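So the chains spell out like this:
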Amino acid sequence: MESVFSKIIRREIPADIVYETESILAFRDISPQAPVHILVVPKQSIRNLFAAQKSDQMILGELMLAAAEVARQQGLGESGFRLIVNNGEAAGQTVFHLHLHILGGSVLTPRIV
Ligand code: 5GP
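Rules used in this analysis
Residues numbered from 1 in each chain as written. Predicted model: local features only at pLDDT ≥ 70, side-chain atom pairs only at ≥ 80, totals over all residues. Heavy atoms only, no water. Helix = DSSP H or I, 4+ residues; strand = E, 2+ residues; numbered from the N terminus. Polar contact = N/O pair within 3.5 Å; in protein donor to acceptor, adjacent residues only side chain to side chain. Contact = heavy atoms within 4.5 Å. Near = heavy atom within 4 Å. Areas by Shrake-Rupley, 256 points an atom, 1.4 Å probe, with all protein chains shown as cover. Phe/Tyr/Trp six-rings, centres within 6.5 Å; stacked < 30°, edge-to-face > 60°. Buried < 20%, exposed > 50% of the residue type's maximum accessible area, 1.4 Å probe, protein only. Pairing = 2+ DSSP bridges.

Colleague: If you had to explain the side chain of histidine 97 to someone new, which residues and values would you point to?
Modeller: With respect to the secondary-structure elements, histidine 97 resides in the loop between strand S4 (81-84) and strand S5 (100-104). In terms of polar contacts, histidine 97 uses its side chain to reach the backbone carbonyl oxygen of proline 42, at 2.7 Å. When residues no more than four places from it in sequence are discounted, the contact partners of histidine 97 are Ser3, Phe5, Ser6, Ile9, Val41, Pro42, Lys43, Gln44, Ser45, Ile46 and Arg47.

And the structure:
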């Protein structure tokens, strides 16, 4: 099923886009939980990590590298950042299109792990 992120990717609804490649889009979260809160998503729709296939290995790697690049571009290279991937409802996933949350720009609490 389609999510709101597919609409953002197709530019059908607005978002504050900060980074784009052929296969990846990154935009600011509409409800930021930190001074820098950016979502990194594959343009192809993968529901979450449970739905990812062996054939998705390349895009999964690209997502991680893109997250580091976006964090650097946002000035988090020195201070660091946190990456979160919510998988499934118990983890709090609300949008079922795989995405990495980049959080940074302050000391992040609570530290769960
Ligand atoms: P999840 O809870 O699935 O891990 O994360 C979904 C995230 O998407 C939430 O942090 C939520 O604030 C964000 N979000 C939901 N709808 C929109 C939207 O229309 N635009 C943007 N930029 N972020 C959204």
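Colleague: Summarise the site of the ligand; cite the residues concerned and give the values.
Modeller: Looking at the ligand, there are 16 residues lining it, with Asp29, Asn86, Gly92, Thr94 and His101 nearest. At 2.9 Å, a backbone N or O of arginine 28 approaches a nitrogen atom of the ligand. Within the side chain of aspartate 29, a nitrogen or oxygen atom sits 2.5 Å from an oxygen atom of the ligand. Look at the ligand: alone it shows 520 Å² of surface, and the protein chains cover 82% of it. Every element with two or more residues in the shell around the ligand is listed here: helix H1 (4-9) and strand S2 (24-28).

Colleague: I'd like to hear about the packing of aromatic side chains, residue by residue, with values.
Modeller: Counting across every chain of the model gives one aromatic pair. When the ring of phenylalanine 5 is compared with that of phenylalanine 27, the centres are 5.3 Å apart and the planes differ by 75°; the resulting orientation is edge-to-face. Placement of phenylalanine 5 in helix H1 and of phenylalanine 27 in strand S2 is noted, with a sequence separation of 22 residues between them. Neither phenylalanine 5 nor phenylalanine 27 differs from the other in exposure class; each is buried.

Colleague: Explain the pairing of strand S1 (residues 17-20) residue by residue, including any values.
Modeller: Where S1 and S2 come together, three bridges link them in antiparallel fashion. Note on S2: the bridge partner recorded for isoleucine 17 is phenylalanine 27. In sequence, S1 turns back onto S2 through a hairpin of three residues.

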